[in-house]
Amino acid sequence: MPKFVAFLRGINVGGHRKVPMSDLRRLCVGITSDPGVRSYIASGNLVFAADGRADQLAAAIADGIKSTFGFDVPVLVLEEATMRAALNSCPFPCDTGKLVHGYFCFATPTLDMAGVDEFKTPTEAVAVAGQTVWLYAPDGIGRSKLAAKMERLIGVAATARNLNTVIQMVAMLDDR
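Residues numbered from 1 in each chain as written. Predicted model: local features only at pLDDT ≥ 70, side-chain atom pairs only at ≥ 80, totals over all residues. Heavy atoms only, no water.

Brief notes about the nonpolar core
Looking at soluble globular proteins, one finds that nonpolar side chains tend to be buried together.
For step 1, the next point in the chain: Among the nonpolar cores identified, the biggest contains 23 residues, and Leu8, Leu46, Phe48, Ile61, Ile65, Val75 and Val77 are the most heavily contacted of them.
For step 2, the next point in the chain: If one sorts the elements of this core by residue count, helix 2 (residues 54–69) sits on top with 6 residues.
For step 3, the next point in the chain: Counting 21 residues, the second largest nonpolar core, distinct from the first, contains Met83, Ala86, Cys90 and Ala127. (Core = buried A, V, L, I, M, F, W, Y, C linked by side-chain atoms within 4.5 Å. Buried < 20%, exposed > 50% of the residue type's maximum accessible area, 1.4 Å probe, protein only. Helix = DSSP H or I, 4+ residues; strand = E, 2+ residues; numbered from the N terminus.)

Dropping the structure here:
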């Protein structure tokens, strides 16, 4: 059965849109029939096996969250090969995990390079690889003015994960 990664955008942030991971896993088991659904940290990262297309699975998970929790959550589901390709496309060192963020885009990004240049520091770098935009902020993501503006500059909805999380999601695919 094909394997997938799902990223939920904006759950369990600042006490809003709370989704317990045990409930999310249970919901996903009901959708995928995979009793081995796994989650990683409480920000909405799932690994599962299922039949179906990524877009159909994303819609089913989003509908399930709406029905169960009463609010809309954007859900991005990536096929295993797409997730692995995204990690492999990261041009920054893997040992900089908290300093690199991948913005997984819901559509093809249209990066505003003039805006990027306006906000980035001399040490920051941005790279686009398919539907993933990578940001390297060696002085810290929390201090980066560019990081705060990235989604607007990307031009499409996206959900960000640090490189450590991306690496962990691929490792979870390997464990399946």
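Structure's up, so let's keep going.
Quick look at the sheet that holds strand 7 (residues 132–136)
For step 1, the next point in the chain: Judged by pairing direction, the sheet is antiparallel, and its 4 strands sit side by side in the order 6-7-5-8 without closing on themselves. Of all strands in the sheet, those with a lone pairing partner are strand 6 (125–129) and strand 8 (158–162), marking the two edges. Within this sheet the neighbouring strands show an average axis-to-axis angle of 20°, counted without direction.
For step 2, the next point in the chain: Judged from the 5 bridges that link them, strand 5 (residues 100–105) and strand 7 form a sheet pairing that is antiparallel. Counterpart to Phe104 in the pairing with strand 7 is Thr132.
For step 3, the next point in the chain: Those strands touched by helix 5 (residues 145–154) are strand 5, strand 6, strand 7 and strand 8, and its axis lies near 160° from that of strand 7.
For step 4, the next point in the chain: Where helix 6 (residues 163–175) meets the sheet, its contacts fall on strand 5, strand 7 and strand 8, and the angle it forms with strand 8 comes to roughly 90°. (Pairing = 2+ DSSP bridges. Axes fitted to C-alpha atoms, helices over the stretch in contact; angles between N-to-C directions. Contact = heavy atoms within 4.5 Å.)

Structural notes on the pairing of strand 6
For step 1, the next point in the chain: The sheet contact formed by strand 6 and strand 7 spans 5 bridges and is antiparallel. What sits directly across from Ala129, in strand 7, is Thr132.

Some details on unusual backbone geometry
For step 1, the next point in the chain: Positive phi, normally seen in glycine, also occurs at Ser33, with a value near 65°.
For step 2, the next point in the chain: The residue Ser33 is located in the loop between helix 1 (21–32) and strand 2 (38–39) in this model.
For step 3, the next point in the chain: Looking at Ser33, the relative accessible area reads 60%, which means it is exposed.
For step 4, the next point in the chain: The phi torsion at Ile41 lies on the positive side, around 45°, for a residue other than glycine.
For step 5, the next point in the chain: In this structure, Ile41 sits in the loop between strand 2 and strand 3 (45–49).

Read these as spatial facts, not as claims about activity.
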